[in-house]
Structures are given as C-alpha cells and as structure tokens.
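# Topology and contacts: notes
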Amino acid sequence: MSFEYSVTYCAENNYENPVENASWQFLIVPENNDTQELISVEIKNSLEAKSGFSQNGFGFQTIRINTSERFQKINFSATFKLKKISFNPFGQIPIFDIPSNYELVKSLNFKVDQEPYLRETKYTALPASSENLFVFDTSISIFENLQKLNKWIYLFIHFNTGVTHVNTLLEEIINNPEGVCQDFTHLFCALSKANNIPTRYVSGYLHQGNGYFGDSQMHAWAEAFIPQVGWIGFDPTNNLLVNDNHIKVAHGKDYNDCSPLKGVVYSQGANKTSHSVEVQAEQ
Amino acid sequence: MNPDVKKPIFSSYINNTSLFDEVFNTNGAAKNVYQKLFELYGNHSIQDYVQLNNKAKSSFFNQGITFQVYDNKETQEKIFPFDLFPGIIAEDEWEIIERGAIQRSKALNLFLWDIYHDKKIIKDGIVPLDLISSSANYFHQMIGVDPPGGIYNHISGTDIIKHSDGNYYVLEDNIRCPSGVSYVICNRTALKRALFGVFNHYKTHSVTNYAENLLDILESVKPKGVDVPNCVVITPGMYNSAFYEHSYLAKAMGVELVEGRDLFVENDFVYMKTIRGPIKVDVIYRRVDDQFIDPLEFRADSSLGVPGLFAAYIKGNVCLANAPGTGVADDKAIYTYMPKIIKYYLDETPILNNVHTYHCSRPNELKYVLEHIHELVVKPVDEAGGYGISIGNRLSKSEIKVVQEEIKQNPRKYIAQPIMSLSVHPTYIDDSESFEQRHVDLRTFTLLGNKKEFVLKGGLSRVALKKGNLIVNSSQGGGSKDTWVLKK
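Residues numbered from 1 in each chain as written. Chains lettered and ligands numbered in written order. Predicted model: local features only at pLDDT ≥ 70, side-chain atom pairs only at ≥ 80, totals over all residues.

### Observations regarding the overall build of chain A
The criterion, for reference: Helix and strand definitions here come from DSSP, where helices need a minimum of 4 consecutive H or I residues and strands a minimum of 2 consecutive E residues; each element is numbered from the N-terminal end. Put simply, the radius of gyration uses C-alpha atoms, and a globule should come to 2.2 Å times the residue count raised to 0.38. With C-beta atoms placed from the backbone, a residue is buried if 20 or more other C-beta atoms are within 10 Å of its own, exposed if 12 or fewer are, and partly exposed between those counts.
Along its length, chain A carries 8 helices and 15 strands. Computed over its C-alpha atoms, the radius of gyration of chain A comes to 20 Å, within 12% of the 19 Å expected for a compact globule of 283 residues. A principal-axis box enclosing the C-alpha atoms of chain A has dimensions of 65 × 45 × 35 Å. Buried residues in chain A amount to 40% of all 283 residues.

### Some thoughts on the overall build of chain B
What counts here: Contacts here follow a simple rule: the backbone-placed C-beta atoms of the two residues must lie within 7 Å.
Scanning chain B from N- to C-terminus turns up 13 helices and 22 strands. Taken over C-alpha atoms, the radius of gyration comes to 23 Å for chain B, in line with the 23 Å a tight globule of 488 residues would show. Dimensions of chain B, computed from the C-alpha atoms along their principal axes, are close to 75 × 60 × 45 Å. Within the span of chain B, comprising 488 residues, buried residues form 45% of the whole. Considering only contacts within chain B whose residues lie at least 6 apart along the sequence, 70% involve residues at least 24 apart.

### Quick word on the interface of chain A and chain B
Interface size is often expressed as the accessible area that is lost when the parts come together. Selection rule: All residues other than Ala, Val, Leu, Ile, Met, Phe, Trp, Tyr, Cys, Pro, Asp, Glu, Lys and Arg, Gly among them, are scored as polar; the first ten of these are nonpolar and the last four charged.
Taken together, the contact pairs 18 residues of chain A with 19 residues of chain B. Listing elements by their share of the side of chain A that touches chain B, those giving two or more residues are β2 (21-26), β4 (50-55), α3 (108-113), α4 (115-118) and β14 (261-266) of chain A. The element contributing the most residues to the side of chain A that touches chain B is α3 of chain A, with 4 residues. Considering only residue class, the side of chain A that touches chain B consists of 5 nonpolar, 8 polar and 5 charged.

### Brief notes about the domain arrangement of chain A
Residues and elements named next belong to chain A. The criterion, for reference: The source of the domain bounds is an automatic or database domain assignment.
Split into domains, chain A comes out as domain 1 (2-85 + 259-282) and domain 2 (93-258). Computed over C-alpha atoms, the centres of domain 1 and domain 2 are 26 Å apart. On the side of domain 2, 19 residues touch domain 1, which itself brings 22 residues to the contact. At the level of elements, β1 (2-19), β6 (71-85) and β15 (271-282) are the ones that each hand at least two residues to the side of domain 1 that touches domain 2. In the side of domain 1 that touches domain 2, the residues fall into 13 nonpolar, 6 polar and 3 charged.

### Here's the deal with the sheet that holds strand β5 (residues 61-67) of chain A
Residue and element names in this part refer to chain A. Short version of the rule: In this description, strands pair whenever DSSP reports at least two bridges between them. Angular values range over 0 to 180 degrees, each being the angle between N-to-C directions of two axes fitted as lines to C-alpha atoms, with helices fitted over their stretch in contact.
On the basis of which strands lie adjacent, the open sheet formed by 4 strands has the order β4-β5-β2-β14 and antiparallel pairing. This sheet does not close on itself; its edge strands, each paired only once, are β4 and β14. Here the strands of the sheet are splayed against their neighbours by 20° on average, with no regard to which way each runs. Inspection of the sheet shows β2 paired to β5 by 5 bridges, in the antiparallel sense. By the bridge assignment, A22 is partnered in β5 with T67.

Here you go:
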C-alpha cells in the first residue's frame, strides 16, 4: 500500500544590513529510497534568484540559490510531493539478529567499514562519567537493546522547546535532560555507538497527523546498523520505530552533516532566520 | 695593506669534528665536490664575500621576496635570510634522494587511495584504525571519491637531513600545501647573478624547469572530457605568508592567480569572473587549506573558499591539487608507518631512512618518552612550520615538567624522536663576520601526475641561523642556501 505526502518547507531570512551577494544551500529534499519516491519539487524565492540542484559531500541532493542583487530580506519555499510505501518496521529483523553479532561488531573489518558512524563527534561525545549510562544486555538481541535504548531516552529527556539550541552538547542534556528531537537523537547516537553499534543522525520530516512530537520544524531521528539486517530507524523523541510517517532527507554523523540551511552571506551585522514545515497526507 | 683586508674566507672557521660537516673532512680538507668551490672562494677575502652577500640580499628585498612570521601578537614581514655559500650534491648521491622521494610520494598516494576506498592496510592490521579515525584531516566526504588521474598528493615537499652517520633520513613528508620552491628558484637567480664566475665552473642542473613541470602535472590530471584544461592557482590572498610564492608560480606557469571571490560555481562547474565574462576552470592548484576551500561543505566561517567547489570536485568537473583530505597522510604519526606503507604497497624497502619514532598514544612508548624527554625531540603530530616542538636537551627541569603534563593530557597529539644531529654547513654569520658551522636540512619537491613524475633537481637547503639550533623552518628564524645538484 502506498500514499502521497505534500511537504512544504519555508524559510525567511532577515539581515540587519543590506546583502550584496549570497549563496545558500538547502538540505531539505526528500531522498529516494526503498520506502519513498519523490514525485515533484517546486522551489520559489522572493527575489526570483537563480536556483539549481547540487549535492552535499555525502551525496544527498541539495538546492543551491545564489543572489547578486542587494536585499535585506528573502523568503524561500519549497514544496515536495512524494509517494510513501507503507512497510512493517519489524520486517526480517528477528531472523537475522543473532547473538554472534555481538562478536561481529567487535571485529576489525566491521569497525573499519563502519568507521564514520562509530567515530565520536562533537555532538555525540559523551562526558567521561556517562559512558556507561546505557549498557547493552548481550542476552537479548541488538534490536531489542536498541528498542530499550529508544524508550530509555524517550523517558530520560523531557521534550521541551526553547531550552536547547543547535549547538547544545550532550553534557548539558545529561545534566539537565530537556530538549528537542535533535538532542534525543544525539544522545541515542552516542549511547548506541558506545555499545559498538554504528549509528547515524537522520534529518527529515514527520507527518504529525497522529499527534507525535515534532513541532512543525524538520524532525530528526537515528539509524542504527544491525549486522546481517542493515540500517534500522529509531525515533527516540516519540519512542517509535521509524514508520511511514517519517520522510527521510539525509543522514550524517550528527546534526553538523545534516543542517537544513547553510549560507554564505557577504554582509555585516546580525541576521534572523525562521523556518516552518508543513506535512500533509493526500490520500 | 691592512692584513685583515686579505683575511681568507675560511681562516677563522672552527671545524667541530663531533658534528658532520658537509664541506670539510675531519682533517680540515674540503670534500671532493667542494674542492673547486673552495679553490675559487679561497682567492677572495671575507670582505669580498660580505659585499657579494649584501648585493644578493638587496636583490631579494627589491624583488619583494618576503614572507611573514606569525606569533601571538603580530605578524611581521621578513626577507628570507639567504647565504651565498651553496650546498652541493653529487649526481650519485642525488639519485638516491630522487628515487627515495618518488618512492615515498607514490606510496603515500597509494595509501591515500586505499584509506578512501577499500582500507585494506587497516584491515590487514598494518596501520591502526585509531590513527585514521582520530584524524581531523580524514574527510568522510572523500570516501569512494576517485580523484582525476587517481592522484591525491600532486605536490610533496620531503624534508631530508644528513645525520652524523653520513646517511640521509627523512624528517617529514609535507603533502598539504608545501611551500618554499619559489625560494629555490630565487636563490639560484641571486647566486648566479652574484657568483656567475664560480657557478660556471660547475655543471649544475637547472631549477627553473619547476614551473613547466608543475603545469604539466596539473594538466595531466584534467577532468574527463576536457581537451585543453584551464589551470589556475588559488591563494588565500596577499596577507598569506607564502603569497610571493603563489604569485610567482602563477606567473611562471602563465596561468591566473585567483582568490576565492574571483571564482564561482554554477551547475557544479567552476568559473572565473573576468571582464569578458565567465571562463570555466578545470584544474586548481590550491594554496588554501582544505578546511577552507568551500564554506558550504567545510568550515562555514571561511571567506577564502568558493561556495559549492567541493560538489563540483566530487562530480569530477574540476580537479583540486592536492586533493582534499590528503592531510590525513601528512601527520607525524602516519610518518612513523612509512617504512611499512612502502613495503605494503610497493613491496620495496625504503630508499630513504625514517627517524625512529615513539608514539605517545602507545602506553609503553609513552612511559619511555616521559622518562627520557631530556634526550628526545617532542613534536605535535598535526602542526606545521616547526611550531610546538620541544627539544629535550634544551629544556630546564621545570620546562620538562610542563612538556610532560602536556603529553599526559593528550598523548595522541605527540610523537617523540631521538635528537638527530643534523649535518652542518659553513654559513656566513653577520655578528662574527666569519663562517661558522650551522645545522641544515634539505626540502625536496616531488610532483606526481597521471603517469608522470618529477623531482626538482635541487631544493631548499634550510639553515638554522642561531648557533646550535636544530629547527630550520623559516617561520622559526631559519635561512636558506642554494642547492646544486651536479651533472655527471
């Protein structure tokens, strides 16, 4: 069974002083994968500046916009229509997720191949005292441990907007467990990696028809690699396995690799950016 | 006539025979390759020499051949101190250096290809995974990317010393943005101008062919589908310490010198802004550090780069030399694996020796280093230009404690090596108005292209001008000499 979504992303940038020249890169286009298929993209900006597609260093599609005329304010909007195929998140997991996988994840070959997603990064570094915050129980499968971790984080952090920001590190979250999806996801990545499981940060959209947390911004969740199974998505903000309400855009080591908007603006002074996201199911 | 006026050049030279003197044997006689030079110089007085040396120096100043030294408070513009008395290398000895430099460049290139593709050397347990995964210069964005022609380190600067045992040792392989080649060429020009009579008595290889070979190498790694590539040199700008060199190389190759703001990217192709409209750029010799080349992909605060350049690169529409992410192999901890890296990829024994190195990241070796700091050189693994180096036998007890603490705080950041006794070369010292022994090393320049390779026959002999000093980097107050490689 499949159904269609329409996703609208809007951003407004205001600059204190006039800008002569700017380039922006948006990492907001839903990727094509086994469970989703992009049908159409419509991009608009208030300056009618040239836009085009490119890719980031990890191969995810980006939208590039360059301006060369003076401005102080610019609005962007992009509308994506896509088809999402519904799937059973449990799929083949129980068959292949076997005890010998705990040995496999410790092997050198495995560690070398998965190095990017086992490496500690700025946003997934645990303070020294917290490395054993969540230790896997090897009498149950990796998948079951990850599900437990997902729930543990969901209960540990209190969802609260306005407490953290894009540069918040885990030390702060652990000392004062309040935050948004990004913080839930960074902690999940950190603790899963601490148990030798390759884990990556995913940015995307969440269809909130079912009352999930996601506050009409871009959403974040994690994907963990289970040997013989593959990458499985966990949404610790909502204590969910990733399902057909999750629309993936990109993944990376942490938020830094996935930030939806990067800009190079030749201007002095402050600027203010606001984003909004709307996801609608069209059946 | 005042007898002092006729004071022969080397009359007050003190030949400390515990040091390896490149010119004089322990019995005081000049070595073979220097004999003719010695005879010719011998006819002159020290005053003649000073006059010539000053002429050469002023020619540097007049041409604006300067560099900048950074310290905590300010930057200063300096002339690179130059000494007219050249280093001379016989053909057979040079052959060893040349083969050794090519061997290292090729091995490093294969190593870089491997760690950005199959990572076999790590899986085979030769190079530890930690060394790669803890490196800030290992770019995940480069995994699986095939650089044009398969080349990462197009330009390498290999620092070589002659130890008191008479053998050559490599101190460092510089493959980020090694500089100094323009000084080699300027030194030669200045020397020929001042001493053409002496120079003409030797059959010396030219060094002015560097630029044409560099252009050849850059053109050999043009992107697919490009017929005649448009090459440019990108510089961080006129305040960069090596700006003279960037402008020199662009001029000598006959290509444009650009800054980031002169280029732009559209549809993943790179263009140069000109008064006649945009011109596509195919190969970029980048003298901007890779963290700064594209603010959309790497450091967002960089104003030196070109937004979108990296996407153009991974799409194969432009070639960057050296390739982004090459710096992972220009790490003093990787250096210590060079003999194994050469063996692994080329199945050869290293032609040039490595200096024995202790890794502070290994507990046993850390213990040794902490206990023997007074007889070791401690270096941070990721700093260039001679910054952060501590030489054990020059440190006071309290300074040793400071170094020990620093190492304990961050063992991965440090390696240590025995204090190598660099050879010495007679160098004119202004203060004593005479020649004195000063430690020297040699930076050689190797180019690697698509089925092409080149080693500049010559190099930058770098001199530590302070007595007894072992650090020869220009940023640490070193000077330089011309280096003659003799033809058979």
